[in-house]
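Chain by chain, the residues run as shown.
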Amino acid sequence: MAAQNGSGIVGAAPDARFLSAAVFQPTSAGVQFVGSFDAARAVVWSVDAGAKVINLSWGSFGYDPLLKAATDYALSRGVTVVAAAGNTGRRERQQPAMYPGVLASVAGDLVGNRASFSSSGYDPTPITPGLDLLLARSGWGGQDGGGYALYSGTSFSTPLLAGGAASLLTDWHALLGLAVICAVIGIGNLYIGAFVYK
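First things first, this report covers the structure right here in the doc. The structure displayed is predicted, hence computed values, not measured ones.

1. Concerning the overall build of the protein
Right, so step 1: What the protein contains, in helices and strands, is 4 helices and 10 strands.
Right, so step 2: Ordered by position in the sequence, the α and β elements of the protein form the string β-β-α-β-α-β-β-β-β-β-α-α-β-β.
Right, so step 3: Contacts in the protein between residues at least 24 apart in sequence constitute 58% of all its contacts with a sequence separation of at least 6.
Right, so step 4: Accessible surface computed for the protein: about 10200 Å², of which carbon and sulfur atoms make up 57%.

The following block contains the structure:
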């Protein structure tokens, strides 16, 4: 959701206001998840701070009632929650993408084919570009910070889908979370900008 300021990469919703609630912390080997308590707290904080779309570019196996309660809290307040489906290549979803009402991001190429590594589900799900995306380097995990690199995964397709949802809200302020999900899924096999919905 990077701003359109003539520098770097422009995000999918450059006019959106951005809130940051970190659920990973940098380590010398990469990044480490802070745990479900802090992740749930970040979701609740985001809702209470006025977020209309929440991007969860991560997932884990199992079921966590605390994280489920946090996403239910967001959904009950009309917030669109978007989460990474996972990178197992199977028909399964990790949490929080598996929770009812959460919009799962399935990674694909620019013409709408699901990437072989991307998890998917049995219900209609948008396929969002997540293969060889040019992104700014994070500087975590031994990478040199600065510059750009190609990344693939549902963690990288999820912000594009969340940005698409934010753009819908920017254009149609009256939409609530469920209406955004219906608008995204209901489009069918239509190619819109960088998003392909199947």
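Next, the rest of the story.
2. What to know about the packing of aromatic side chains
Right, so step 1: Throughout the structure, instances matching the rule amount to 2 aromatic pairs.
Right, so step 2: Look at tyrosine 63 and tyrosine 99: their rings are 5.9 Å apart centre to centre, the planes differ by 85°, and that puts the pair in the edge-to-face class. One end of the pair, tyrosine 63, is in the loop between strand S3 (53-56) and helix H2 (65-76); the other, tyrosine 99, is in the loop between strand S4 (80-84) and strand S5 (103-108), with 36 residues separating them in the sequence.
Right, so step 3: Classification of tyrosine 63 by relative accessible area gives exposed; the value is 52%.
Right, so step 4: With a centroid separation of 5.2 Å and 35° between ring planes, the pair formed by tyrosine 151 and phenylalanine 156 is classed as tilted.

3. Here we look at unusual backbone geometry
Right, so step 1: A cis amide bond links glutamine 95 with the next residue in sequence, proline 96, at an omega value of 5°.
Right, so step 2: Along the chain, proline 96 falls in the loop between S4 and S5.
Right, so step 3: In this model, aspartate 132 sits at a positive phi of 55°, which is unusual for a non-glycine residue.
Right, so step 4: If you trace the backbone, aspartate 132 turns up in the loop between strand S6 (126-129) and strand S7 (133-136).

4. Points about the packing of helix H1 (residues 36-48) against H2
Right, so step 1: The geometry of H1 relative to H2 is characterised by a closest axis approach of 8 Å and an angle of 10° between their N-to-C directions. By the angle between their axes, H1 is roughly parallel relative to H2. Along its contact with H1, which presents Ser36, Phe37, Ala39, Ala40, Val43, Val44, Val47 and Asp48, the element H2 presents Leu66, Leu67, Ala70, Thr71, Tyr73 and Ala74.

5. Observations regarding the side chain of lysine 68
Right, so step 1: Within the secondary structure, lysine 68 is located in helix H2.
Right, so step 2: Discounting residues that sit within four places of it in the chain, lysine 68 has contacts with Tyr63, Tyr99 and Pro100.

6. Considerations on the pattern of salt bridges
Side chains that differ in charge, positive against negative, can pair when their charged atoms come close.
Right, so step 1: Per the counting criterion, the structure on display carries 3 salt bridges.
Right, so step 2: The salt bridge partner of aspartate 38 is arginine 41, with a shortest N-O separation of 3.1 Å. Within this pair, aspartate 38 and its partner arginine 41 are both found in helix H1, separated by 3 residues, close to a single helical turn.
Right, so step 3: According to the relative accessible area criterion, aspartate 38 is partly exposed, its value standing at 26%.
Right, so step 4: Salt-bridge contacts for aspartate 72 lead to lysine 68; the nearest nitrogen and oxygen are separated by 2.7 Å. With aspartate 72 and lysine 68 both in helix H2 and 4 residues apart, this pair spans about one turn of that helix.
Right, so step 5: Judged by its relative accessible area of 31%, aspartate 72 is partly exposed.

7. Considerations on the side chain of arginine 93
Right, so step 1: Mapped onto the secondary structure, arginine 93 falls in the loop between S4 and S5.
Right, so step 2: Arginine 93 gets classed as buried once you look at its relative accessible area, which sits at 17%.
Right, so step 3: Apart from residues no more than four positions distant in its own chain, arginine 93 is found in contact with Ala85, Met98, Ala104, Ser120, Gly121, Asp123 and Thr125.

8. Side note on a nonpolar patch on the surface
Right, so step 1: A surface patch of nonpolar side chains, about 330 Å² in accessible area, is lined by Leu134, Tyr148 and Leu150.
Right, so step 2: Note on placement: leucine 150 falls in strand S8 (residues 148-151).
Right, so step 3: Judged by its relative accessible area of 56%, leucine 150 falls in the exposed class.

The rules behind each value
Residues numbered from 1 in each chain as written. Predicted model: local features only at pLDDT ≥ 70, side-chain atom pairs only at ≥ 80, totals over all residues. Heavy atoms only, no water. Helix = DSSP H or I, 4+ residues; strand = E, 2+ residues; numbered from the N terminus. Contact = heavy atoms within 4.5 Å. Areas by Shrake-Rupley, 256 points an atom, 1.4 Å probe, with all protein chains shown as cover. Phe/Tyr/Trp six-rings, centres within 6.5 Å; stacked < 30°, edge-to-face > 60°. Buried < 20%, exposed > 50% of the residue type's maximum accessible area, 1.4 Å probe, protein only. Axes fitted to C-alpha atoms, helices over the stretch in contact; angles between N-to-C directions. Parallel < 35°, antiparallel > 145°, perpendicular 65-115°, else oblique. Salt bridge = Lys/Arg side-chain N within 4 Å of Asp/Glu carboxyl O. Patch = residues over 30% accessible without salt bridge, like charges linked within 9 Å, V, L, I, M, F, W, Y side chains within 5 Å.

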